[in-house]
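Residues per chain are reported as follows:
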Amino acid sequence: MDKLKSDSASDASKMNLLGLDDDCLLEILENFDLFQLLNFRGICARFDNLINKCRFKFVNFNSKILSGNSGIDCEIFEFLGPVIKKLSLDRGHFTEEIDNLLLLEKIIKFCENLESLMFLNFDLSSKSVQEKFRKIVEKLKFISFCNCIFKDDFGESFSEATTLKELSIEENHQITSKFFEKLSNLTSLSIVNCSKIKSKSLKMILKKKLTLKKLKICSHKPILDRTSIEFIVTNAENLEELTTTANKIDLLRLVDIPNLKKLSIISVGSKINKVTSLLEKLTKKNSIEDLQIDFLHLLHMQLASKLTNLKKLKFHYWYGFTGDDLERTFSEDDWLSANDFFTMIRFLTKLEQLVVSTHFIDIGFLEKLEIFLMQTGDNRPKIEISFKKVMNNKSDETLYDLLDYLNGIKNFKISGIESPEDIYHVHRYLCYHKNNKIYYAPYYEAGYPENSSENSYISKV
């Protein structure tokens, strides 16, 4: 017995990390961050080979990983460069000034398989930077600039960008249509808050980009006026996806784009009548497969139910969801009942994904949602619901148990509560009369909301 114990102790003393097989070591190394992996290099050839296999989790590399560091040193680029296909760099992630020229040289030297590049908060206005940039874009398929400084002459860098298919520019207030002159073969173009791009400039851009399949035009001031929309409808035969703001534009004419499959309308605000007319026209054409609108009312939900070819629907419902029947809620225009919500899903038989956000949700809706999800099983779309506040007339424990259960259901996600302050505890109902009908509105433990009225009992909380 003593001999067996001594043999066992001897075997244990011989065990070390390198005694594990490659699969076990890879499992361990997968849990290490970038800097730990770099520190492990050089132990032995076997370890270096395993660490190189771990690099592929950084194929989409975001500089957020390096947040707080002075910059990206050569060792990191040498290590990760060959596997990076998507690179996102934010100047705000670094504590010291970055030499943009040196950064571009590292990308050229080490990132030989790079396909997608995103720059945030960089100054790219110097001539030397533009010359280096020309070599980077030669093999890129996608490039994005957000809050970067450059002028029209920077567009010369794209003269050899024959493989570039997607371009996104956001928050640039210096470029005009001249920037886009050297760009060709684009299938996707996004221009967001570029103040010098006006309607006339946009038409000049689009004349040379008639191959576009995706177009995003958003601005605080309207760019898509009547003439530019007419140009798109008449000439952009390949356009399948359009995203724009609702500011002073003819939404109805957008429906006439011949092959439009995806339509996203943002910053709807008070343009409720426009959205109603848009949905009415969409129901007649019924060819949209992906619809995203950031502000819907109950009437819009009923119209959306008629878009039977929808595969994806994303919207923000302006008020809240309730499990109560509409006769018991404050107003038929305020709340969306669980029954209306589920009826819409049942009508949209081709729907694959539903993404919804709202301000308020009550526990009654969540309870009915649980039953609906159990009944439909896999015969429903993937559903995501987010909200800001929940009204609860039961215990917090009951509410959190219900949310935990819902988040465990396949192809379903719900989010919203981050702290106890996100819960309104309803302990009775306030009854009042309106239009010869009796309505019930929740009355809160804290008392009547400040400046409350029969037309607003939550919005003032």
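What counts, and where the lines are drawn
Residues numbered from 1 in each chain as written. Predicted model: local features only at pLDDT ≥ 70, side-chain atom pairs only at ≥ 80, totals over all residues. Heavy atoms only, no water. Helix = DSSP H or I, 4+ residues; strand = E, 2+ residues; numbered from the N terminus. Buried < 20%, exposed > 50% of the residue type's maximum accessible area, 1.4 Å probe, protein only. Contact = heavy atoms within 4.5 Å. Areas by Shrake-Rupley, 256 points an atom, 1.4 Å probe, with all protein chains shown as cover. Axes fitted to C-alpha atoms, helices over the stretch in contact; angles between N-to-C directions. Parallel < 35°, antiparallel > 145°, perpendicular 65-115°, else oblique. Left-handed = near helix turned anticlockwise from the far one by under 90°. Nonpolar A, V, L, I, M, F, W, Y, C, P; charged D, E, K, R; others polar. Pairing = 2+ DSSP bridges. Right-handed = clockwise from strand over helix to strand, strands pointing away. Core = buried A, V, L, I, M, F, W, Y, C linked by side-chain atoms within 4.5 Å. Arc of directions from axis to C-beta. 1 Å grid on protein atoms, 1.4 Å probe; cavity = no way out; pocket = protein on both sides within 12 Å on 5 of 7 lines; lining within 4 Å. Points joined across faces, edges and corners; volume = space filled by probe spheres on them.

Asks: Give a description of the overall build of the protein chain that names residues and reports values.
Replies: From N to C terminus, the protein chain includes 15 helices and 17 strands. Relative to its full complement of 461 residues, the protein chain shows a buried share of 46%. The long-range share in the protein chain, meaning contacts at least 24 apart out of those at least 6 apart in sequence, stands at 62%. Carbon and sulfur atoms form 49% of the exposed surface of the protein chain, whose accessible area is close to 23400 Å².

Asks: Can you break down the packing of helix α2 (residues 22-29) against helix α4 (residues 45-54) residue by residue, with the values?
Replies: As a packed pair, α2 and α4 sit with axes 10 Å apart at the nearest point and diverge in direction by 55°. Classified by the angle their axes make, α2 and α4 are oblique. Crossing of α2 against α4: the hand is right-handed. The residues of α4 that touch α2, namely those facing D22, L25, L26 and L29, are R46, F47, L50, I51, K53 and C54. For the contact of α2 with α4, a count of residues per class yields seven nonpolar, no polar and three charged.

Asks: Please provide a residue-by-residue account of unusual backbone geometry, values included.
Replies: The phi angle at N147 is positive, at roughly 55°, despite the residue not being glycine. Secondary-structure assignment places N147 in the loop between β4 (142-146) and β5 (166-170). The phi dihedral of N286 is positive, around 50°, even though this residue is not glycine. In this structure, N286 sits in the loop between α11 (272-285) and β10 (290-296).

Asks: Explain the environment of I257 residue by residue, including any values.
Replies: Inspection of the secondary structure puts I257 in the loop between α10 (251-254) and β9 (262-266). With residues up to four places along the chain from it excluded, the contact list for I257 reads I232, V233, A236, L239, L242 and K285.

Asks: Which residues make up the pairing of strand β15 (residues 412-415), and what values go with them?
Replies: Covered by surrounding structure in β15 are F412 and I414 only, the residues K413 and S415 on the alternate face being uncovered. One ladder, built from four bridges, connects strand β14 (residues 382-392) with β15; its direction is parallel. The partner of I383 across the bridge, within β15, is F412. Note on the crossover from β14 through helix α15 (residues 396-407) to β15: the handedness is right-handed.

Asks: Tell me what's going on with the nonpolar core, and back it up with residues and numbers.
Replies: Of all hydrophobic cores here, the largest spans 132 residues; its most connected members are I107, F119, F145, F158 and F180. With six residues, helix α14 (residues 363-376) is the single largest residue contributor to this core. Those residues in contact with F158 that sit more than four places away from it in its chain are F133, V137, I143, F145, L164, F179, K182 and L183.

Asks: Residues and numbers for α4, please.
Replies: Note on helix geometry: an α-helix contains 3.6 residues per turn, so any two residues three or four positions apart are oriented the same way. For α4, the full list of buried residues reads F47, L50, I51 and C54. On an axial view of α4, the arc spanned by its buried residues comes to 100°, and they lie on one face. Tucked into the core, α4 has its buried residues touching α2, α3 (34-40) and α5 (74-80).

Asks: Can you tell me about the packing of helix α13 (residues 338-347) against α14, naming the residues and giving the values?
Replies: Any two packed helices are characterised by how steeply their axes cross, that is the angle between the axes, and by the distance between the axes. Where α13 meets α14, the axes come as close as 10 Å, and the angle between the chain directions of the two elements is 30°. Classed by the angle they form, the pair α13 and α14 counts as roughly parallel. Judged by the twist between their axes, the crossing of α13 over α14 is right-handed. Judged by residue contacts, A338, N339, F341, F342, I345 and R346 of α13 engage F365, K368, L369 and F372 from α14. Broken down by class, the residue content of the contact of α13 with α14 amounts to seven nonpolar, one polar and two charged.

Asks: With reference to specific residues and values, describe the layout of surface pockets.
Replies: Considering only enclosed or pocket space, the largest pocket measures out at about 330 Å³ in volume. Taken together, 16 residues line the largest pocket, and the ones lying closest to its centre are K214, K216, E241, T243 and K262. Taken together, the elements giving at least two residues each to the lining of the largest pocket come down to β5, β6 (188-192), β7 (214-218), β8 (241-245) and β9. Taken together, the residues of the lining of the largest pocket sort by class into five nonpolar, six polar and five charged.

Such coordinate-based values are descriptive only and should not be taken to indicate function.
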